[in-house]
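# Observations on the model geometry
In case you want the letters, here they are:
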2 protein chains.
Amino acid sequence: MNEVIETILAHKSIRKFKDKSISEEMITTLVECAQAASTSSYQQVCTIIGVEDQEKKQKLAELAGNQSYVADNGYFFVFCIDYNRHKVAAEMLDKNINDTIQSTEAFMVGTVDASLAAQNVAVAAESLGLGIVYIGGIRNNLKEVSELLDCPEHVLPLFGMAIGYPDAEPGKKPRLPIQSVFHKNGYKKNEETKKLLNQYEKETAEYYKKRTGGKRTEGWVTQITTSMSSPKRAYMKEFVREKGLNKT
Amino acid sequence: MNEVIETILAHKSIRKFKDKSISEEMITTLVECAQAASTSSYQQVCTIIGVEDQEKKQKLAELAGNQSYVADNGYFFVFCIDYNRHKVAAEMLDKNINDTIQSTEAFMVGTVDASLAAQNVAVAAESLGLGIVYIGGIRNNLKEVSELLDCPEHVLPLFGMAIGYPDAEPGKKPRLPIQSVFHKNGYKKNEETKKLLNQYEKETAEYYKKRTGGKRTEGWVTQITTSMSSPKRAYMKEFVREKGLNKT
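Quick caveat: nothing in here was measured; it's all calculated off a predicted structure.

### A closer look at the overall build of chain A
- When its secondary structure is counted, chain A shows 12 helices and 5 strands.
- Principal axes of the C-alpha set define a box for chain A whose edges measure 65 × 45 × 40 Å.
- Across the 248 residues that make up chain A, the buried fraction comes to 59%.
- Long-range pairs, those at least 24 residues apart, make up 78% of the contacts in chain A between residues at least 6 apart in sequence.
- Side-chain charges of chain A comprise 33 positive and 32 negative groups, with the mean position of each set lying 9 Å from the other.

So, in structure tokens, the structure goes:
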């Protein structure tokens, strides 16, 4: 076990930060770490918007479902899929590459690129003693977020990340049994998955019972089934298409 | 600068590995690192398939466009978006959550979850002195890859990752200028992007010229425009839908 692996394994999302901003130097280092991640075919499909304007942060916090830590933190990044840059590049050579940009494959590439970059930032930030939390909540109102950040066609904010000096010590929720997420040579049969999920339901129920003093008695299977019983963000398909992505 | 940030900044994709396998203990550590990544709403939408069977690796190498390092490495992971597990969980409670699973939003969540997990593996592996390369090439023939790995409905192999002891020292290609990928408070105007791309075109042309002894004189703008001039993997939309994902 080395420092890197210790940092990775110690991850907990932090949702309360000290009122202390992050140095400009640290922010630059974090963006350099983002850029150092792998990128599909050297395309570099990620743009990061650093939101420093406190009014914009406040607005983002509301749009993300009134999550106060979106406004109150050391720094706030928004990670975007960005094919506008490639479009501009192609236009410099009088070419049009829209057929490529709007494909499902390109949408996957952009989502992966932005996520790899973001996870480097997460790990790097935690190695500096900072805490982070991903903010998928910006997708609650993505049209408004996109307008607030002046994102043109082919640029889609994917998630935010609040960073700062931790002011909380949250517990660590048990992950799925490793045998459930790690299969060898092929995908496991569902009978085995069911057994593992039964075991995990008990383990997570026990965890919640302890944490809530007995008030909460359901585990992961129940929780996930309930939360996934109605589709979230059903406008997404249409909005992503309007942005010129994931169309063909 | 600490060990973590040094590791992240030193990343280079490795495409030639020593003939030496990775210990079982390391593999377990890497999967634990994958699991430690953030996950949207505790959903844990990633399953990792470790491909150890050399015949399967050989077949994968062919399907990925005859990339020898897919077969010849210390270990090979395939990262999958996995909503089959949630479907099984819901069925245990006599519920059906297909409307949620097949949404564009869920497809984004799954792609992000699998990517965050993978990047933890990449960073952890490099901290152990291993090299890695992401293999998007498995998406060249995703139906065949999916069948080879017995992936049921709602499970989509997203990319592979070859890992091993490095047997090459590749150069490090210059990334986009930081001002191009890092914007503050809102997305930059295209005039500025154009200036930065002109600068980057020169920088990358210089890099390629040096590396190829003058044979290659084009930079990133030209390279990307050429490679994106015709859509890749145009079957993707249909195949992903067949897998019950990204439909609504």
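### A closer look at the interface of chain B and chain A
- Every contact between the two is made by 119 residues of chain B and, on the other side, 120 residues of chain A.
- Interface of chain B and chain A: buried area, both sides summed, is about 10100 Å²; carbon and sulfur atoms make up 64% of it.
- It is Tyr 42, Tyr 187 and Met 228 of chain B that lose the most area in chain B upon contact with chain A, and together they represent 9% of the buried surface on that side.
- There are 8 salt bridges connecting chain B and chain A.
- In this structure, Lys 184 of chain B engages Glu 24 of chain A in a salt bridge whose closest nitrogen and oxygen atoms are separated by 2.8 Å.
- Our enumeration of links across chain B and chain A arrives at 59 residue pairs in polar contact (both at pLDDT 80 or more).

### Structural notes on helix H9 (residues 190–211) of chain B
- For H9 of chain B, spanning 22 residues, the distance from its first C-alpha to its last is 31 Å, which sits close to the expected 32 Å at 1.5 Å a residue.
- Thr 193, Leu 196, Leu 197, Tyr 200, Glu 201, Thr 204, Ala 205, Tyr 207 and Tyr 208 of chain B are the residues of H9 of chain B that are buried.
- Close packing links the buried residues of H9 of chain B with helix H5 (84–92) of chain A together with helix H8 (178–181) and helix H10 (220–227) of chain B.
- The first or second residue beyond H9 of chain B is Gly 213 of chain B, which carries a positive phi of 65 degrees.

### Topic: the relation of the copies chain B and chain A
- At an RMSD of 0.0 Å, chain B and chain A line up after a rotation of 180 degrees and a shift of 0.0 Å along the axis. Interpreted geometrically, this transformation is the action of a two-fold axis. For chain B, the smallest separation between a C-alpha atom and the rotation axis is recorded for Val 4 of chain B, amounting to 2.5 Å.
- Interface overlap between copies: 100% of the residues of chain B at the interface are likewise at the interface in chain A, consistent with a symmetric, same-surface contact.

### A word on the packing of aromatic side chains
- For the structure on display, the rule yields 16 aromatic pairs over all chains.
- For the ring pair Tyr 207 of chain B and Tyr 208 of chain B, a centre distance of 5.5 Å and an interplane angle of 65 degrees mean the geometry is edge-to-face. Residues Tyr 207 of chain B and Tyr 208 of chain B agree in their burial class; the two are buried.
- An aromatic cluster is defined as three or more aromatic residues linked by ring pairs; in this entry it consists of Tyr 75, Phe 77, Phe 79, Tyr 134 and Phe 159 of chain A together with Phe 182 of chain B.
- The cationic tip of Lys 173 of chain A hangs over the ring face of Tyr 42 of chain B; the distance from NZ or CZ to the ring centre is 4.3 Å.
- Its end group placed over the ring of Tyr 208 of chain B, Arg 216 of chain B keeps NZ or CZ at 3.7 Å from the ring centre.

### Remarks on the packing of H5 of chain A against H9 of chain B
- Between H5 of chain A and H9 of chain B, the shortest axis-to-axis distance is 10 Å and the interhelical angle comes to 70 degrees. By the criterion of interaxial angle, the relationship of H5 of chain A to H9 of chain B is roughly perpendicular. When the axes of H5 of chain A and H9 of chain B are compared, the crossing they make is right-handed. Of the residues in H9 of chain B, those touching H5 of chain A at Asn 84, Arg 85, Val 88, Ala 89 and Met 92 of chain A are Asn 190, Thr 193, Lys 194, Leu 197 and Asn 198 of chain B.
- Looking at the contact of H5 of chain A with H9 of chain B residue by residue, the classes come out as 4 nonpolar, 4 polar and 2 charged.

### Considering the UniProt feature "domain: Nitroreductase" (unreviewed entry) in chain A
- Here the UniProt feature "domain: Nitroreductase" (unreviewed entry) sits at residues 9–165 of chain A.
- Helix makes up 46% of residues 9–165 of chain A and strand 18%. Its end C-alpha atoms lie 19 Å apart.

### Notes on the pattern of salt bridges
- One pass over the full model with this rule turns up 18 salt bridges over all chains.
- Here Asp 82 of chain A and Arg 85 of chain A are joined by a salt bridge, their closest N and O atoms 3.7 Å apart. Residues Asp 82 of chain A and Arg 85 of chain A agree in their burial class; the two are buried.
- If you follow the salt bridges from partner to partner, you end up with Glu 24 and Glu 52 of chain A together with Lys 184 of chain B in one network.

### A few points about the sheet that holds strand S4 (residues 155–164) of chain A
- Across the sheet, which stays open at both edges, the 5 strands sit in the order S3(A)-S4(A)-S2(A)-S1(A)-S5(B) with mixed pairing between neighbours. Every interior strand has two partners, whereas the edge strands, strand S3 (131–135) of chain A together with strand S5 (182–184) of chain B, have only one. When strand polarity is set aside, the average angle formed by the axes of neighbouring strands in this sheet is 25 degrees.
- With 3 bridges connecting them, strand S1 (residues 46–51) of chain A and S5 of chain B associate as parallel partners. Bridge pairing links Gly 50 of chain A to Lys 184 of chain B in S5 of chain B.
- Lying over the sheet, helix H2 (residues 24–36) of chain A contacts S1, strand S2 (75–82) and S4 of chain A together with S5 of chain B, oriented at roughly 25 degrees with respect to S2 of chain A.

### Let's talk about the sheet that holds strand S2 (residues 75–82) of chain B
- Strands sit in the order S5(A)-S1(B)-S2(B)-S4(B)-S3(B) across an open sheet of 5 strands; the sheet is mixed. The open sheet has two edge strands, strand S5 (182–184) of chain A together with strand S3 (131–135) of chain B, and neither has a second partner. For this sheet the average axis-to-axis angle between neighbouring strands, irrespective of direction, equals 25 degrees.
- The sheet contacts of helix H6 (residues 104–127) of chain B involve strand S1 (46–51), S2, S3 and strand S4 (155–164) of chain B, and relative to S4 of chain B the element is tilted by about 10 degrees.

### Some thoughts on the packing of helix H10 (residues 190–211) of chain A against helix H11 (residues 220–227) of chain A
All names here are of chain A.
- At a closest axis distance of 7 Å, the pairing of H10 and H11 adopts a crossing angle of 90 degrees. If you check the angle between H10 and H11, you find them roughly perpendicular. Within the contact between the two elements, H10 uses Leu 197, Tyr 200, Glu 201, Thr 204 and Tyr 208 and H11 uses Trp 220, Val 221, Thr 222 and Gln 223.
- Broken down by class, the residue content of the contact of H10 with H11 amounts to 5 nonpolar, 3 polar and 1 charged.

### Concerning the domain arrangement of chain A
- When its domains are assigned, chain A resolves into domain 1 (3–170) and domain 2 (178–227).
- Its C-alpha centre places domain 1 of chain A at a distance of 30 Å from the equivalent point of domain 2 of chain A.

### Looking at the pairing of S2 of chain B
Residues and elements named next belong to chain B.
- The buried fraction of S2 amounts to 8 of the 8 residues, a majority that puts the element mostly inside the structure.
- By the bridge criterion, 8 bridges tie S2 to S4 in an arrangement that is antiparallel. For Asp 82, the partnering residue across the bridge sits in S4 and is Val 155.

Criteria and thresholds
Residues numbered from 1 in each chain as written. Chains lettered and ligands numbered in written order. Predicted model: local features only at pLDDT ≥ 70, side-chain atom pairs only at ≥ 80, totals over all residues. Heavy atoms only, no water. Helix = DSSP H or I, 4+ residues; strand = E, 2+ residues; numbered from the N terminus. Buried < 20%, exposed > 50% of the residue type's maximum accessible area, 1.4 Å probe, protein only. Contact = heavy atoms within 4.5 Å. Lys, Arg positive; Asp, Glu negative; His and termini not counted. Charge placed at Lys NZ, Arg CZ, Asp CG, Glu CD. Buried area = accessible area lost by both parts, 1.4 Å probe. Salt bridge = Lys/Arg side-chain N within 4 Å of Asp/Glu carboxyl O. Polar contact = N/O pair within 3.5 Å; in protein donor to acceptor, adjacent residues only side chain to side chain. Expected span 1.5 Å × (residues − 1). Least-squares fit on C-alpha atoms with pLDDT ≥ 70 in both. Phe/Tyr/Trp six-rings, centres within 6.5 Å; stacked < 30°, edge-to-face > 60°. Lys NZ or Arg CZ within 6 Å of the ring centre and 35° of its normal. Axes fitted to C-alpha atoms, helices over the stretch in contact; angles between N-to-C directions. Parallel < 35°, antiparallel > 145°, perpendicular 65-115°, else oblique. Left-handed = near helix turned anticlockwise from the far one by under 90°. Nonpolar A, V, L, I, M, F, W, Y, C, P; charged D, E, K, R; others polar. UniProt positions renumbered as here; feature names shortened; annotations may be inferred. Pairing = 2+ DSSP bridges. Domains from an automatic or database assignment.

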